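# Architecture and fold: a report
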Amino acid sequence: MHFTHTARFAALGVATVLTLSACGSSNNASSPSGSSTANISCVSGSIKASGSTAQKNAIGEWINAYQKACTGATIDYQANGSGAGITDFTNKQTSFAGSDSALKAENRPAADARCAPGTAIDIPMVGGAITMAYNVQGLSSLTLTPKVIAQIFNNKITKWNDKAIADLNAGATLPDQTIASFHRSDSSGTTDNFSKYLKATAAADWPYETGKDWPASGGQGSKGNDGVTASLTSTPNSIGYIELSFAQDAKLSTAKVDNGGGAVEATSQNAANTIAAATITGTASDLALKLDYTITKPDAYPIVLVTYEITCTKGLPADQAALTKSFLTYTAGESAQAILIDLGYVPVTGLVSTKVKEAVANLA
Amino acid sequence: MSVDIAPLVMSPPPSVLQGRRQPRWALGASVVIAVVIALASSVFTGIDGVAGTAVVAAIAFVVIYIGWSLRLEGRRHATDRFATTLITTALVCALVPLVSVLWTVLERGLAVLNLAFLTNSMRNVSARSTGGGLFHALIGTIEQVALASLVAVPIGVLTAIYLVEYGRGRAATAISFFVDVMVGVPSIVAGLFIFTGLVLTLGLPRSGLAASFALAILMLPVVSRTTEEMLRVVPNDLREASYALGIPKWRTITKVVLPSALAGIITGAMLAVARVTGETAPLLLTTFLTQSVNTNPVEGPQASIPTFVWDQITSGTAASLARAWGGALVLILFVTVLYATARLVSWWFTGRRGMGVH
Amino acid sequence: MTTHGDLVARGSRAASTSSGESLGDRVFRGLTLSAGLFMVTIMGAIAVFLVWRAVPALNNNSGSFFTTTSWLPDQTPPIFGIAALLFGTLMTAGLALLLAVPVGVAVALYVSHYATPRIGKSLGFVVDLLAAVPSIIFGLWGLAVLMPNTGGLFKWLNDYLGFIPILQNTTGIYTKSMLLAGVVLAIMILPTVSSVSREVLVQTPRMDVEAALAVGATKWETMRMVVLPFGRPGIISAAILGLGRALGETIAVAIILSALFEINWRITEPGGNTFAANIALKWNEAGTNGIPALVASGLVLFLITLAVNMVARLIVQRRRTKEGTR
């Protein structure tokens, strides 16, 4: 007798799942999007990619635009971190990886093996500006130099009205309050690039190794760009380093940085100028960049990072290669890079951009 | 000589067995006086926040109420009232944050919850724009949890049967020991194991199936434990009557013992499911995230409600954060439905059989 | 024709576990035994895989694994140790237990013996519901709602009780501290402790309770003499269950703590890190040496929960045989 009950329950359960599946839709009604998605040569299929969290929202927008134009394509990106992204790529779980730094020498052999008979290459695709976001009431404009930034985050400058800050900001009312500085508690490429900047421009005040983990003591740590942003908005007299897109979304003020050539505001355009001036250190199709953090041009914002898409020159399985190439061709193109500025990211321009388009065109 | 019984009958002497009692209005009066004292004294002590005044009032209340009881009723009753006060205070201390959490989820989640949210996925929805939904995550969670139960419930029940019906000797002691110990395995360790063991070593792809294995590890000991308790409650007379009729042991178990314990077993299984539904860490390690619907748990990326919540929070935009709270609310509703179903099942079975097995 | 004697004989034969077992019995017995052994195998497999994956990092460490506080496994040379993680894990879990067990048992007592059945059921349901809220929501709630409201309390603790070293605060910052994480953890494990305790306390034999009341004991004396002693093994199990959850809590702690790798006894200052939170924070960017290092820390966590559960089981077994229950 109890079997009948069991059967009834089972039937009910299956019916519920079936009804739910029928109810939902997998494709939402497409809403009109602003940008034109001209010249996408569609390829159907599905690929996976993973890696950097810094480019998460940018890749998300690109995927949406591509999928809207090509309804037969599905691209899934998991922002599980640059390190995990490279591991996934090397283990053949993904078609390309997003990474905040180029492939290290120790990872190259495994990545090349994955791409046999081709090799693994870094293609810079998304730039980011690391802003000095702050939350001080009444302070609408702030200028900082690398030395002062290093000392703030090193806990040597502890008050907002310290002489060093006041000297750079004549006329601003700086409160007599302790600076609440925030850094990243998790490992991140943003910390990596920020520490590289400080090491290059203020080594005397930043005696630490560069790396993805925050090295200094003092201050408070929050998890993720979103965590630091939330901490900044809820803590008065605070300062932290976050990506431009997060600062814009949260409407936080950002400091101008004076590298020696004048105070430069943190905007996409200014950051793009710095990236465009980078030197390419990779060989052949590999486009690993060396950023010049000490740049002193009056319209170049120096604290930037570049996220690479790491993929194979050839050697991806046939069903993944075509869609990967098509997607990356789209993202390297003008319309896609223009979307970045809206989102608070930084486009790759100039000579680097030309090389990127070349490398993508040569993918097999 | 006649004993004058008139006084005894007309006005019974005060009983020596019952002492004086604090009047019923003592509680209310003490509260009022305490609050007045707290508000008045804030002028002197400078403590004027809600929490501070509440603490002062509480202390004043204890002094007045318990002191009064001590003088009137004596130490035993005063201790009793003090204990009741402490327990009630503990209850309030526990309820305030719990209700606050529920309220926060309800308030922020309801702003986003509607039919569209439940039936749309996040495919082609930008992080900055409102809209979209968690349909893809809902399907994923339902499938992963169902698969986990499919693995965990039979094995857990069979293990419990062994421990209760057959278990004597070293194998039983070892199994019982490990089941007890397995209950405490942290969820991240289960996720690490599935990731390093199955994904990295055996090359199993990250999928809904891998996630369900991790969840099954977390569910197994709980199902086994609760089934064990339920089976032990079944009276031995039932078993012996069955044996006396010549029914072999295994049929006794499946046809007599299990059905009587069925209500409790189902309840235990549903509670185990409810506990693992919200686990995030193992899912992040074993599934690959997607924004589109994937009804195939064996291959391909599949979302789930906890990873959906995680993904929306790390996007950082206001619209995404709102969706994250909506996801949390859906999770709580899902678990409420499970609990309610468990109670319903339990009531139905015990009602029908008339046995107070609970 | 089968006689009554035949039936009884067949029944007793079938029920015996000697060679008189029928085929069905043997198969079923084997089935259940393999299910049990499967669970043992899983535990063993977890240990084996974790050790196997952790060994490469342990060999590759220029610091001592147990006494170093910093965590830099991907640097050259790699140097990492679990000292700070161990301290943080034990401290936050200890704080959580200290806060959650008395309150949880009190709630369980209230629901089972002080409240009317209907109120008790509803309260129990509300408390149980919170066991399902995902950890990340508790983390967000902790930051958004709890942290702003406890800063004042922690400051008060420093001002008036600051002579106790553990409550001192030398930084003037009262956010993102281990005490806050401990409080949030306590709130998270409260439903577990409370519901398991409640399940045990409702099983107190009504006769014993009523007997105590009948001889004139006050309610509290009844609790103290009858209910709590009866429920002690169950309450210990509940506490251990809660402790297990507190030790392994990942995301809420990762969001709340400031993640400093140092051993700091001043719990109202920002800082601290635990095994599970560290895995959550470092896993994504971990490199070829970083991942095995994190797996090694996961192994230590696994061993700690194993030890805690073993000790608890011993205590409960000893109490059970002493009191003769079951």
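Procedures and definitions
- Residues numbered from 1 in each chain as written.
- Chains lettered and ligands numbered in written order.
- Predicted model: local features only at pLDDT ≥ 70, side-chain atom pairs only at ≥ 80, totals over all residues.
- Helix = DSSP H or I, 4+ residues; strand = E, 2+ residues; numbered from the N terminus.
- Buried ≥ 20, exposed ≤ 12 C-beta atoms within 10 Å, placed from the backbone.
- Contact = placed C-beta atoms within 7 Å.
- Rg over C-alpha atoms; globule rule 2.2 N^0.38 Å.
- Pairing = 2+ DSSP bridges.
- Domains from an automatic or database assignment.
- Nonpolar A, V, L, I, M, F, W, Y, C, P; charged D, E, K, R; others polar.
- Axes fitted to C-alpha atoms, helices over the stretch in contact; angles between N-to-C directions.
- Parallel < 35°, antiparallel > 145°, perpendicular 65-115°, else oblique.
- Left-handed = near helix turned anticlockwise from the far one by under 90°.
- Right-handed = clockwise from strand over helix to strand, strands pointing away.

So, on to the overall build of chain A. Check the secondary structure of chain A and you find 13 helices and 14 strands. Scored against the burial criterion, the 364 residues of chain A give a buried share of 52%. Contacts spanning at least 24 positions in sequence make up 74% of the contacts within chain A whose residues lie at least 6 apart.

So, on to the overall build of chain B. Helix and strand content of chain B: 14 helices and 0 strands. Ordered by position from the N terminus, the helices and strands of chain B form the series α-α-α-α-α-α-α-α-α-α-α-α-α-α. Taken over the C-alpha trace, chain B has a radius of gyration of 29 Å; the compact-globule value for 358 residues is 21 Å, which it surpasses by more than 25%. For chain B, the C-alpha atoms occupy an extent of roughly 100 × 70 × 40 Å along the three principal directions. The buried share of chain B, taken over its 358 residues, is 50%. Considering only intrachain contacts with a sequence separation of at least 6, the fraction spanning at least 24 residues in chain B is 71%.

Turning to the sheet that holds strand β5 (residues 143-144) of chain A, a few remarks are in order. Residues and elements named next belong to chain A. An order of β5-β10-β11 is seen for the 3 strands of this open sheet, with the pairing classed as mixed. Of all the strands in the sheet, just β5 and β11 (263-264) have a single pairing partner and so form its edges. Where strand β10 (residues 256-258) meets β11, 2 bridges bridge the pair, whose relative direction is antiparallel. Counterpart to V257 in the pairing with β11 is V264.

Turning to the domain arrangement of chain B, a few remarks are in order. Residues and elements named next belong to chain B. Taken domain by domain, chain B comprises domain 1 (13-109) and domain 2 (135-354). Relative placement of domain 1 and domain 2: their C-alpha centres are 42 Å apart. Each side of the interface is counted separately: domain 1 has 4 residues, and domain 2 has 6 residues. Among the residues forming the side of domain 1 that touches domain 2, the class breakdown is 2 nonpolar, 1 polar and 1 charged.

All names here are of chain C. For the pair helix α3 (residues 83-114) and helix α8 (residues 219-248), the least separation of the axes is 9 Å and the interaxial angle reads 140 degrees. With respect to each other, α3 and α8 are oriented oblique. Like other packed secondary-structure pairs, α3 and α8 cross with a definite hand, here right-handed. Packed against α3, whose contacting residues are T89, A93, A96, L97, A100, V101, G104, V105, L109 and H113, the element α8 presents M223, V227, I235, A238, A239, G242, L243, A246 and L247 at the interface.

Now for the pairing of strand β1 (residues 45-51) of chain A. Residues and elements named next belong to chain A. Where burial is concerned, most of β1 is hidden: 5 out of the 7 residues are buried. Alignment of β1 against strand β2 (residues 73-78), held across 6 bridges, turns out to be parallel. Bridging from a neighbouring strand, K48 pairs with D76 of β2. Crossover connection from β1 via helix α2 (residues 56-69) to parallel β2: handedness right-handed. As paired elements, β1 and strand β3 (residues 96-99) share 3 bridges and run parallel to each other. Paired with A49 across the bridge in β3 is F96.

Once that is clear, we can look at the interface of chain C and chain B. Every contact between the two is made by 76 residues of chain C and, on the other side, 74 residues of chain B. The greatest single-element share of the side of chain C that touches chain B, amounting to 19 residues, is contributed by helix α2 (residues 23-58) of chain C. When its residues are assigned to classes, the side of chain C that touches chain B shows 53 nonpolar, 15 polar and 8 charged.

This brings us to helix α10 (residues 268-276) of chain A. Where burial is concerned, most of α10 of chain A is hidden: 7 out of the 9 residues are buried. Where α10 of chain A is buried, its residues contact β4 (120-135), α9 (244-250), β11, β14 (304-312), α12 (334-343) and α13 (350-361) of chain A.

At the junction of the two partners, chain A supplies 22 residues and chain C supplies 22 residues. Only α3 (82-90), β7 (220-222) and α8 (224-234) of chain A provide two or more residues apiece to the side of chain A that touches chain C. Top element by residues in the side of chain A that touches chain C is α3 of chain A. It accounts for 3 residues. Per-class residue counts for the side of chain A that touches chain C are 3 nonpolar, 13 polar and 6 charged.

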